Amino acid sequence: GTDEEEGTEEEGTEEEEGTEEEEGTDEEEGTEEEGTEEEDTEEEEGEEPDGDNVFNKLVVVKEDCINHVSKRVMKYLTELKREKTRQIPVTTSSCSSSRTNKKVAVRQLLADNKPWGGGAGRMTNQMMKKLSNNYGLAIRQGSMLSSGKGKGNALRTIQKHCKAAFYHYLKTIDNNEEEQHKYCPKTSNTWCYYHQLKFQSIYNNNNIKEQNKNRNYLDPIFREVLKPMIVKLTAKKLLRRCLRGLTQNPNESLNSVLWSIITKSKNHGFRAVRGSAALAAMYFNSGGIILIDYFKQHGINVSETLIKHLFQKVKKRVMNSKTNNEQRLNRIKKKALDRQNSIKATSDVADYNPGGFNY
């Protein structure tokens, strides 16, 4: 009887232990599965966007110096002049015998059977300078007038001003003045003589007409000759880099500060260049006074003599910047005044003859 009871007790204990182990393993597996699911959701929620998606939204646009862009007109015209004025070798036969042929250099002509320069309506060095200067002025005025506008309207404004700088001096085949001056500003203070007729009195209109006949406009053939240059220099892709009207490259100024710290004539390692670049950026942005904060961060004591020296350098830097700015503004005013005086002189057609005035 005891053996049977012990057997039944052992079987009962084994069954209880088996059920407990199975339940425990099931519960542990369930908790582990729930934990993995939670970790998966956390990983999915915490995933950061790929770097490519972030950087694809960024647009890097190179800015051009408007002074450098305006010089492209003179460079293009100089190369075009060299090409169009080059003499072409031509073989000619003498009248006495057809066997003797001579090579003679003949001046090249344009499509209208006239040379590049040499007369009224032809290209001259003065006209080349005028086109280059007017293109630079058009970029400056267009960038000023386009400030505060949307990108599309700003590009259309500066493009119209640049086209007016070229087409104002180019006649049409049918001598259509409205087509010739369609890009010129149509305001009361316009610099275009054709559109001034609409805002002047009858007496002044007659004077402007007489003067307009004597103005040196280029022949219609130059519309075709200069068309590739005009299309290239008035493209929106180029003018987009001139919207801000920048006149210098800040990297050149930063490089000058960098080479004042380390010499340009010697080779330097990566650590020297990296440290010098950091100092140059500090000097360029905040001046030498930024060294005080730099020394404090690294636990370096700053003496009073060093502080006075740094403040004197900053004061001198501010004074130099003010004087340079004043000189620049004076030059701009002088150029504007000279331009107004030249416009008045050209528009003044009165004859100063003795007894020519009626009192």
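Residues numbered from 1 in each chain as written. Predicted model: local features only at pLDDT ≥ 70, side-chain atom pairs only at ≥ 80, totals over all residues. Heavy atoms only, no water.

With that out of the way, let us pick up the overall build of the chain. Within the chain one finds 15 helices and two strands. Considering only contacts within the chain whose residues lie at least 6 apart along the sequence, 59% involve residues at least 24 apart. Accessible area for the chain stands at about 26,900 Å²; split by element, carbon and sulfur atoms hold 50% of it. (Helix = DSSP H or I, 4+ residues; strand = E, 2+ residues; numbered from the N terminus. Contact = heavy atoms within 4.5 Å. Areas by Shrake-Rupley, 256 points an atom, 1.4 Å probe, with all protein chains shown as cover.)

A positive phi angle, near 60°, is found at asparagine 113, a position not held by glycine. Counting through the fold element by element, asparagine 113 comes out in the loop between strand E2 (101-106) and helix H4 (125-145). Classification of asparagine 113 as exposed rests on a relative accessible area of 61%. Residues other than glycine seldom take positive phi values, yet asparagine 175 does so here, at roughly 55°. You can see asparagine 175 is positioned in the loop between helix H5 (151-167) and helix H6 (177-180). Using a relative accessible area of 53% as the deciding quantity, one classes asparagine 175 as exposed. (Buried < 20%, exposed > 50% of the residue type's maximum accessible area, 1.4 Å probe, protein only.)

A separate point is the packing of aromatic side chains. Taken as a whole, this structure holds five aromatic pairs when the rule is applied. The interplanar angle of 70° and the centroid separation of 5.6 Å between the aromatic rings of tryptophan 116 and phenylalanine 222 together place this pair among those described as edge-to-face. Note that tryptophan 116 is positioned in the loop between E2 and H4 and phenylalanine 222 in helix H9 (residues 221-225), a separation of 106 residues in sequence. Note on accessibility: tryptophan 116 and phenylalanine 222 belong to one class, buried. (Phe/Tyr/Trp six-rings, centres within 6.5 Å; stacked < 30°, edge-to-face > 60°.)

A few words on a positive patch on the surface. Where like charges cluster on the molecular surface, the positive patch consists of Arg140, Arg328, Arg331 and Lys335. Take the positive patch: its biggest share by element is three residues, from helix H15 (residues 304-347). By secondary structure assignment, the location of arginine 328 is in helix H15. (Patch = residues over 30% accessible without salt bridge, like charges linked within 9 Å, V, L, I, M, F, W, Y side chains within 5 Å. Salt bridge = Lys/Arg side-chain N within 4 Å of Asp/Glu carboxyl O. Lys, Arg positive; Asp, Glu negative; His and termini not counted. Charge placed at Lys NZ, Arg CZ, Asp CG, Glu CD.)

In this section: helix H13 (residues 270-286). Since one α-helical turn is 3.6 residues long, residues separated by three or four positions face the same way. Helix length check: H13 (17 residues) gives 24 Å between terminal C-alpha atoms against 24 Å at 1.5 Å per residue, within 8%. For H13, the set of buried residues is Ser276, Ala280 and Met282. The buried residues of H13 all sit within an arc of 160° when viewed along its axis, so they share a single face. Summarising the geometry of H13, the exposed residues directed more than 90 degrees from the buried face are Phe270, Arg271, Arg274 and Asn285. Residue glycine 287 follows H13 closely and has a positive phi angle near 80°. (Expected span 1.5 Å × (residues − 1). Arc of directions from axis to C-beta.)

Turning our attention to H4. Taking 1.5 Å per residue as the helical rise, H4 with its 21 residues ought to reach 30 Å, and the 30 Å between its terminal C-alpha atoms agrees with that figure. Considered for burial, the residues of H4 that qualify are Met127, Met128, Leu131, Ser132, Asn134, Tyr135, Gly136, Ala138, Ile139, Gly142 and Ser143. Check the buried side of H4 and you find it contacts helix H3 (66-84), H5, helix H10 (227-233) and helix H11 (236-239).

Let's shift gears to the environment of leucine 291. By secondary structure assignment, the location of leucine 291 is in helix H14 (residues 290-297). Sequence-wise, leucine 291 and isoleucine 307 are 16 residues apart; in three dimensions their C-alpha atoms are separated by 9.4 Å. Not counting the four nearest positions on each side in its chain, leucine 291 is found in contact with Leu279, Met282, Tyr283 and Leu310.

Moving on, we come to the nonpolar core. Soluble globular proteins tend to bury their nonpolar side chains together. Within the largest apolar cluster, 36 residues are counted, with the highest numbers of intra-cluster contacts made by Met123, Leu131, Tyr135, Phe222 and Leu226. Counting residues per element, the ones that place at least two in this core are H3, H4, H5, H9, H10 and H11. (Core = buried A, V, L, I, M, F, W, Y, C linked by side-chain atoms within 4.5 Å.)

In the structure shown here, the tally under the stated rule is six salt bridges. The residue aspartate 338 makes a salt bridge to lysine 334 at a minimum N-O spacing of 3.2 Å. With aspartate 338 and lysine 334 both in helix H15 and four residues apart, this pair spans about one turn of that helix. The exposure class of aspartate 338 is partly exposed, given its relative accessible area of 40%.

Time to look at the environment of phenylalanine 284. The topology assignment puts phenylalanine 284 in helix H13. Among the residues examined, phenylalanine 284 registers a relative accessible area of 32% and is labelled partly exposed. For phenylalanine 284 and asparagine 255, which are 29 residues apart along the polypeptide, the C-alpha to C-alpha distance reads 9.9 Å.

This part covers the confidence of the model for the chain. Per-residue confidence for the chain gives a mean pLDDT of 76; residues scoring 70 or more make up 71%. Put simply, helix H1 (residues 2-45) is where the chain has its lowest mean pLDDT, 46, and H10 is where it has its highest, 92. Under a pLDDT of 50 for its full length, residues 4-11 has, in the predicted model, zero contacts with residues more than four places off or in other chains. (pLDDT = per-residue confidence, 0-100.)

As for its position among the elements, glutamate 83 is in helix H3. The spatial distance from the C-alpha of glutamate 83 to the C-alpha of glutamine 108 is 9.1 Å, given a sequence separation of 25 residues.

Before going further, it helps to examine the side chain of threonine 234. On the secondary structure map, threonine 234 appears in the loop between H10 and H11. Engagement of the side chain of threonine 234 in a polar contact is seen with the backbone oxygen of isoleucine 230, the distance being 2.4 Å. (Polar contact = N/O pair within 3.5 Å; in protein donor to acceptor, adjacent residues only side chain to side chain.)

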